Amino acid sequence: MTQHLQKPKITKVETVARSRLFTIESVDLTFSNGAERVYERMRPSDREAVMIIPVIDDELVLIQEYAVGIESYELGFPKGLIDPGESILEAANRELMEEVGFGARHFDVLAKLTMAPSYFSSRMNIVIAKDLYLKSLEGDEPEPLPQTRWPVSRMMELLQHPDFCEARNVSALFLAHDFLTRNVR
């Protein structure tokens, strides 16, 4: 049985640092039991993102993209922010065209995930793309994104790949595995 919890009261929010991309806030909270704490978070945003799992001829299409946070290339699924006014599926198709060079005629939305919700308000929509066709759009990537094709029948072996370790990609893999094994052609 889930216990009903009362949200803490926010008593003060203050910007403590700002960069070109990020604003860090200090948030003073009072919990229902009277405990007071100060937390730090990235300023909340309503913008969501999308991660696309492209499937072509029983293969997953992955890309290699530089991740400056770990100073290494990460193998994963194409992803990006949803532009204002765009739907999840419109953004998925645009990002697919920009990063992989394909559009899709069919999408299945699998889930909406949060990442480190104690610090970020980000939400990532996980989508499978099928019935792909060649179509490229100019993206904002600073370099071409090499592609890797991976057999759907061996998709869980990606967990052993040393460059496939980002948590959102791993979560998307599990969601895709569950979906694809339940919805075999």
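Residues numbered from 1 in each chain as written. Predicted model: local features only at pLDDT ≥ 70, side-chain atom pairs only at ≥ 80, totals over all residues. Heavy atoms only, no water.

## Overview of the overall build of the chain
Step number 1: Helices and strands together make up the secondary structure of the chain, namely 2 helices and 10 strands.
Step number 2: Starting at the N terminus and walking to the C terminus, you meet the elements of the chain as β-β-β-β-β-β-β-α-β-β-β-α.
Step number 3: Taking the principal axes of the C-alpha coordinates as reference, the chain spans close to 60 × 45 × 35 Å.
Step number 4: Burial analysis of the chain (185 residues in total) assigns 35% to the buried set.
Step number 5: Counting only carbon and sulfur atoms, one obtains 52% of the accessible surface of the chain, whose full area is about 11700 Å².
Step number 6: Placing the 21 positive and 29 negative side-chain charges of the chain at their respective mean positions leaves the two points 6 Å apart. (Helix = DSSP H or I, 4+ residues; strand = E, 2+ residues; numbered from the N terminus. Buried < 20%, exposed > 50% of the residue type's maximum accessible area, 1.4 Å probe, protein only. Areas by Shrake-Rupley, 256 points an atom, 1.4 Å probe, with all protein chains shown as cover. Lys, Arg positive; Asp, Glu negative; His and termini not counted. Charge placed at Lys NZ, Arg CZ, Asp CG, Glu CD.)

## Looking at the nonpolar core
Step number 1: Membership of the largest hydrophobic core comes to 21 residues, with the highest contact counts inside it found for Ile 53, Leu 60, Leu 62, Phe 77 and Leu 158.
Step number 2: Counting residues per element, the ones that place at least two in this core are β4 (49-56), β5 (59-67), β9 (123-134) and α2 (167-182).
Step number 3: When residues of this core are assigned to their parent elements, the largest contribution, 6 residues, is made by α2.
Step number 4: With residues near it in sequence (within four places) discarded, Leu 158 still touches Leu 60, Leu 62, Leu 75, Trp 150, Phe 164 and Leu 173. (Core = buried A, V, L, I, M, F, W, Y, C linked by side-chain atoms within 4.5 Å. Contact = heavy atoms within 4.5 Å.)

## Regarding the environment of Ala 67
Step number 1: Along the chain, Ala 67 turns up in strand β5.
Step number 2: Between the alpha carbons of Ala 67 and Glu 166 there is a distance of 10.0 Å; along the sequence they are 99 residues apart.

## Observations concerning the environment of His 161
Step number 1: Within the secondary structure layout, His 161 lies in the loop between β10 (147-151) and α2.
Step number 2: In this structure His 161 comes out as partly exposed when scored by relative accessible area, which is 25%.
Step number 3: It is 32 Å that separates the C-alpha atoms of His 161 and Arg 41, two residues lying 120 residues apart in sequence.
Step number 4: Ignoring any residue separated from it by four or fewer positions in sequence, one finds His 161 in contact with Leu 75 and Trp 150.

## Examining the pairing of strand β2 (residues 23-30)
Step number 1: Judged from the 8 bridges that link them, strand β1 (residues 9-18) and β2 form a sheet pairing that is antiparallel. The partner of Ala 17 across the bridge, within β2, is Ile 24.
Step number 2: Sheet topology note: the β2/strand β3 (residues 36-42) ladder contains 7 bridges and is antiparallel. Counted as the bridge partner of Ser 26 is Glu 40 from β3.
Step number 3: Between the end of β2 and the start of β3, which pair antiparallel, lie 5 residues, with Gly 34 showing a positive phi angle near 95 degrees. (Pairing = 2+ DSSP bridges.)

## What to know about a nonpolar patch on the surface
Step number 1: Where nonpolar side chains cluster on the molecular surface, the patch consists of Tyr 66, Val 68 and Tyr 73 and spans about 310 Å² of accessible area.
Step number 2: Assignment of secondary structure puts Tyr 66 in strand β5. (Patch = residues over 30% accessible without salt bridge, like charges linked within 9 Å, V, L, I, M, F, W, Y side chains within 5 Å. Salt bridge = Lys/Arg side-chain N within 4 Å of Asp/Glu carboxyl O.)

## Observations concerning the pattern of salt bridges
Side-chain pairing between opposite charges can occur once the charged atoms of the two side chains come close.
Step number 1: If you walk through the whole model with that rule in mind, you get 15 salt bridges.
Step number 2: As a salt-bridge pair, Glu 14 and Lys 12 come within 3.8 Å of each other at their nearest N and O atoms.
Step number 3: Given a relative accessible area of 42%, Lys 12 falls into the partly exposed group.
Step number 4: Here the residues in one salt-bridge network are Arg 47, Asp 83, Glu 86, Arg 94, Glu 95 and Glu 98, joined through shared partners.

## Observations concerning the sheet that holds β2
Step number 1: Spatial strand order, β1-β2-β3: 3 strands in an open sheet with antiparallel pairing. The open sheet is flanked by β1 and β3, the only strands paired with a single partner. Between one strand axis and the next, the sheet turns through 20 degrees on average, direction left out of account. (Axes fitted to C-alpha atoms, helices over the stretch in contact; angles between N-to-C directions.)

Remember, this is a structural readout, not a statement about activity or role.
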